[in-house]
Amino acid sequence: MASLSAAISHSSSHVALAHSTKPKKIYHSQCRTLPLPHRSFICRMSFVSRWNSRDKSNTRVFASVKEGILLDESVEKVKLPIGDTWSVHKFGGTCVGSSERIKNVGDVILSDDSERKLVIVSAMSKVTDMMYDLINRAQSRDESYISALDAVLDKHRSTALELLNGDELGNFLSELHHDINNLKAMLRAIYIAGHATESFTDFVVGHGELWSAQMLSAVVRKNGIDCKWMDTREVLIVNPTSTNQVDPDYLESEKRLERWYSHNPAQIIIATGFIASTPQNIPTTLKRDGSDFSAAIMGALFRARQVTIWTDVDGVYSADPRKVSEAVILKTLSYQEAWEMSYFGANVLHPRTIIPVMQYNIPIIIRNIFNLSAPGTKICHPLVDDKEDNQPLESLVKGFATIDNVALINVEGTGMAGVPGTAHAIFGSVKDVGANVIMISQASSEHSVCFAVPDKEVKAVAEALKSRFRQALDAGRLSQVAIVPNCSILAAVGQKMASTPGVSATLFNALAKANINVRAIAQGCSEFNITVVVKREDCIKALRAVHSRFYLSRTTIAVGIIGPGLIGSTLLEQLKDQAAVLKEEFNIDLRVMGITGSRTMLLSEAGVDLSGWRELQKEKGEVADLQKFVQHVHGNHFIPNTVLVDCTADSVIASHYYDWLRRGIHVITPNKKANSGPLDQYLKLRALQRQSYTHYFYEATVGAGLPIISTLRGLLETGDKILRIEGIFSGTLSYIFNNFVGKRAFSEVVTEAKQAGFTEPDPRDDLSGTDVARKVIILARESGLRLELSGIPVESLVPEPLRASASAEEFMQQLPHFDQEMSKKLQDAEDAGEVLRYVGVVDVVNQKGVVELQRYKKDHPFAQLSGSDNIIAFTTTRYKNQPLIVRGPGAGAQVTAGGIFSDILRLASYLGAPS
């Protein structure tokens, strides 16, 4: 301090102020010419006089506020009226960021019909940062501090010129220049000394609040309203703590407030936020976010009716709206809820802000200065039967908050159990390095203690712990001090969570369904907060998942379409047609993030416009890359759930299902290759599905849009026993044999089916029976049989000589030569009063399957089909005498796409969408 004092003495010749070189007591008439009953704090501190006297005492650098004011004892004292006649308003830097905004603030103040008003103002937007920058430049001996100070002057001078006129303008500019000259001298001293004490820094940065308070009070007075401005350093006394915070001295502050008001009575008081004094009358600040704290303290001192914090948001959101677009404004919060959410990073208030008003039950209102129609959020003691608006069901969790860039430290070892003082030693070491512990988790076994600290502090904490427990680590009593980096904290907050069963289950279920792994958990006995630690990359996904579950906001799913052929393009059309209805009526947002074919793919960050996806694919398509496609669709952290829809019949695509499911990607497909492929791979796939919350739906693999798989599962899950499944599973072969009657040739009917689009481009793919065999295998495995496709006898309808035909065209040309054999089978059946049907059979009792051409009586359900309908009969212990029949269209792009769409909606329901 001595060097700085010497620098100040050396720099006194630079001070362009009309002051005597002799120390003297300062009177009101000597100081500012503003028509207010008090003056700038810098005058009261008599800086220049003390510099000239070269007093090097710490406590004498800043003279006493009491010494600096000679009160006129002849003035009649006015008693301070406290109570609900006062309302307190606090306006942040954004609210007073320009002349126009200051005018708006004045209008808001005047529109408040409270009898008395106290207004707390921050410095103009960015000014506090500019003031800190001045200090940094000066102590770095960077002479640009002079031009930076000129910028501060210009900002306030231009604002005043736009706001004020006449004497008000002249007085303010005089005081502004007076302050700037004093600051220039002080900064010069700091420049010479090369460093600034905390007291000097606090004094410099507090000027922004002084200037904004003076300008705003002058604006109010222009309307003919009695208004005074208060330098809160005269009133607000705080005691600095060892944790870089301050504790208000309410008793002394009340005394000083009464003294101040007795000489400055007014209906409206404009007071400075952020700044205060120590008991030794040295200027200090309430640290960052201190203006809110100022408002709460002053509200408590005045016993105000309410404290309104004006900001640039409509209130407190249920989650960060930048991360959760469906976040809602909360109508009310309890003090405890606001406290918890503030601590965990929600843009509410600084946690300490709530303390002063709680003891007097003074509500805090958070409102938007730029949207006066918004009612805001009220923070108060919880009301009986308090319910939120705009929520179909009362949410037990009020809000969610996150803290990023944290790391977990796990101290583990069998030697910790039952040893007193272990926790003290751990957290004593953390304290010694000055780190902040954000959360703590310990199991009752006492085998390990896990806690979270900011990323930037984890290395120092780990080294301190290893040093402190070196002997225990070497002896094996502690097994490790492990670091888990790159974590985030997610907190669910709600006072009504207390003693309500099922809240934790709902929270963890939502995280599990989004495939989020929880690394650590903490919950206090108050039950107001459940805190979990997740991987940083999963944080937004986790936040959206839990918010969607508790607030019934839209269940958003990132969709990737593989194979935009006939079925895929039809599905895209159906998604386009239903998108608006799903969002508005069912809160489901299906966002197609990518479409890929075998050659080109289309990717989108926000979701493909399905009304013109073909054109977009031509214009913006890129070379297909399945790995890149999957990474893009799944990599959007703003969407908690991902589903890949495989509309191909490609076995290579199907081979990726296991990896996708393992990564938490849901899979929906009509592709039969995975479920009818090698048995070991199928069993591995189903085991993974059962062990995780990742879903694999494949209803459309059998019967297109018919509920075949779901019916079978329903029977099994309710305890029924499957005896036999028999059906006509091919729409193509159903059409062929429904029309293969009378004298018609088999080749003629096949040609007709091909021309109508019922067959594959090569009809042999249908006539071979392989497709039906795959469906039989799928149903057999669903029924519990472990069969391989190669073990299913299949009666092929492709004549042996034509199986090696070079092309489909050659096959169709040669097929009529083999009509005689099929015609004989048809005639034999008709002579017996029967029909031919190509069927697949799962014989569960005998554990086998078969695909063959069979004959049925004309009164059999299978004989009643028409067109390309499928029919499946389930014979079970319950449906033994009369099988359960499922019948309907089993082929065609529309019904197959509809079956896939149904699976997507079923997935949405499982993920939390209302059913």
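Here the structure is a predicted model, which means the values were calculated and not measured. (Residues numbered from 1 in each chain as written. Predicted model: local features only at pLDDT ≥ 70, side-chain atom pairs only at ≥ 80, totals over all residues. Heavy atoms only, no water.)

Structural notes on the sheet that holds strand β2 (residues 116–121)
Ordered by their spatial adjacency, 8 strands build an open sheet running β3-β6-β2-β1-β9-β11-β12-β10, and the pairing between neighbours is mixed. Of all strands in the sheet, those bounded by a partner on one side alone are β3 (227–230) and β10 (332–334). Pairs of neighbouring strands in the sheet enclose a mean axial angle of 20°, with direction left out of account. (Pairing = 2+ DSSP bridges. Helix = DSSP H or I, 4+ residues; strand = E, 2+ residues; numbered from the N terminus. Axes fitted to C-alpha atoms, helices over the stretch in contact; angles between N-to-C directions.)

Some points on helix α27 (residues 679–691)
Taking 1.5 Å per residue, 13 residues should reach 18 Å; α27 reaches 18 Å between its end C-alpha atoms and fits that length. Along α27, the residues that are buried comprise L679, Y682, L685, R686, L688 and Q689. (Expected span 1.5 Å × (residues − 1). Buried < 20%, exposed > 50% of the residue type's maximum accessible area, 1.4 Å probe, protein only.)

Concerning the packing of helix α8 (residues 145–163) against helix α9 (residues 166–193)
Interaxial distance between α8 and α9 falls to 11 Å at its minimum, and their mutual angle equals 170°. Considered as vectors, α8 and α9 are oriented roughly antiparallel to each other. In this structure, α8 crosses over α9, and the sense of that crossing is right-handed. In this structure, α8 uses Y145, L149, D150, L153, H156, R157, A160 and L161 to contact α9, whose residues at the interface are L169, F172, L173, L176, H177, I180, L183, K184, L187, R188 and Y191. Tallied by class, the residues present in the contact of α8 with α9 amount to 13 nonpolar, 2 polar and 4 charged. (Parallel < 35°, antiparallel > 145°, perpendicular 65-115°, else oblique. Left-handed = near helix turned anticlockwise from the far one by under 90°. Contact = heavy atoms within 4.5 Å. Nonpolar A, V, L, I, M, F, W, Y, C, P; charged D, E, K, R; others polar.)

Quick notes on the sheet that holds strand β30 (residues 884–889)
Backbone hydrogen bonds are what pair the strands of a sheet, in a parallel or an antiparallel way. Reading across the sheet, the 5 strands line up as β28-β27-β26-β29-β30 and stay open at both edges, with antiparallel pairing between neighbours. Pairing within the sheet leaves two strands with one partner each, and these edge strands are β28 (848–857) and β30. Geometrically, the sheet is characterised by an average inter-axis angle of 20° between neighbouring strands, direction not taken into account. Here strand β27 (residues 834–843) pairs with β28 via 10 bridges, running antiparallel. Looking at β28, one finds that L836 is bridged to R855. Together, β26 (722–728), β29 (869–876) and β30 form the strand contacts of helix α28 (residues 708–717), whose direction differs from that of β29 by roughly 10°.

Some details on the pairing of strand β18 (residues 529–535)
Most of β18 sits inside the fold, with 6 of its 7 residues counted as buried. Here 4 bridges tie strand β17 (residues 520–523) to β18, and the two strands are oriented antiparallel to one another. Counted as the bridge partner of A520 is V533 from β18.

With respect to the pattern of salt bridges
Inspection of every chain in the model, using the stated rule, returns 42 salt bridges. With a closest N to O distance of 3.7 Å, R544 and E326 form a salt bridge. Of the two residues, R544 is situated in helix α20 (residues 539–551) and E326 in the loop between β9 (307–311) and β10; the sequence distance between them amounts to 218 residues. Among the salt bridges present, the one from K535 reaches E537, with a minimum N-O distance of 3.9 Å. Residue classification places K535 among the partly exposed residues on the basis of a relative accessible area of 29%. Classification of E537 by relative accessible area gives partly exposed; the value is 48%. (Salt bridge = Lys/Arg side-chain N within 4 Å of Asp/Glu carboxyl O.)

Points about the packing of aromatic side chains
Counted according to the given criterion, the structure contains 15 aromatic pairs. When the ring of F400 is compared with that of F550, the centres are 5.8 Å apart and the planes differ by 50°; the resulting orientation is tilted. One end of the pair, F400, is in strand β13 (residues 399–412); the other, F550, is in helix α20, and 150 residues separate them in sequence. Overall, F400 belongs to the buried group, its relative accessible area being 2%. For F550, a relative accessible area of 13% translates into the label buried. Judged by centre distance (6.0 Å) and plane angle (40°), the ring pair of F737 and F746 falls under tilted. Summarising the burial analysis for this pair, F737 and F746 share the class buried. Taken together through their ring pairs, the aromatic side chains of Y657, W660, Y696 and Y698 make up a single cluster. Lying over the aromatic face of F469, R468 brings its terminal NZ or CZ to 5.2 Å of the ring centre. (Phe/Tyr/Trp six-rings, centres within 6.5 Å; stacked < 30°, edge-to-face > 60°. Lys NZ or Arg CZ within 6 Å of the ring centre and 35° of its normal.)

Brief notes about the side chain of T570
With respect to the element layout, T570 can be found in helix α21 (residues 566–586). Side-chain polar atoms of T570 contact the backbone oxygen of L566, separated by 2.6 Å. For T570, the contacting residues outside a window of four places in its chain are G565, A893, Q894 and A897. (Polar contact = N/O pair within 3.5 Å; in protein donor to acceptor, adjacent residues only side chain to side chain.)

Focus on the confidence of the model for the protein chain
Summary statistics for the protein chain give a mean pLDDT of 86 and a share of 89% for residues scoring 70 or more. Here residues 386–394 scores under 50 on pLDDT; set against residues more than four positions off or in separate chains, the count is 13 contacts. (pLDDT = per-residue confidence, 0-100.)

Here's the deal with the pairing of β13
Within β13, 11 of the 14 residues are buried, which leaves the element mostly enclosed by the surrounding structure. Note that β13 and strand β15 (residues 448–454) share 7 bridges and pair antiparallel. Considered in β15, the bridge of E412 is made with S448.

Structural notes on the nonpolar core
Y657, W660, I725, I736, F737, L767 and L779 are the most contacted members of the largest nonpolar core, which totals 69 residues. The element that contributes the greatest number of residues to this core is helix α32 (residues 770–782), accounting for 7 residues. When residues no more than four places from it in sequence are discounted, the contact partners of L767 are L733, I736, F746, V750, S796, L797, V798 and F811. Within the second largest apolar cluster, 66 residues are counted, among which are A266, A271, A304 and I354. (Core = buried A, V, L, I, M, F, W, Y, C linked by side-chain atoms within 4.5 Å.)

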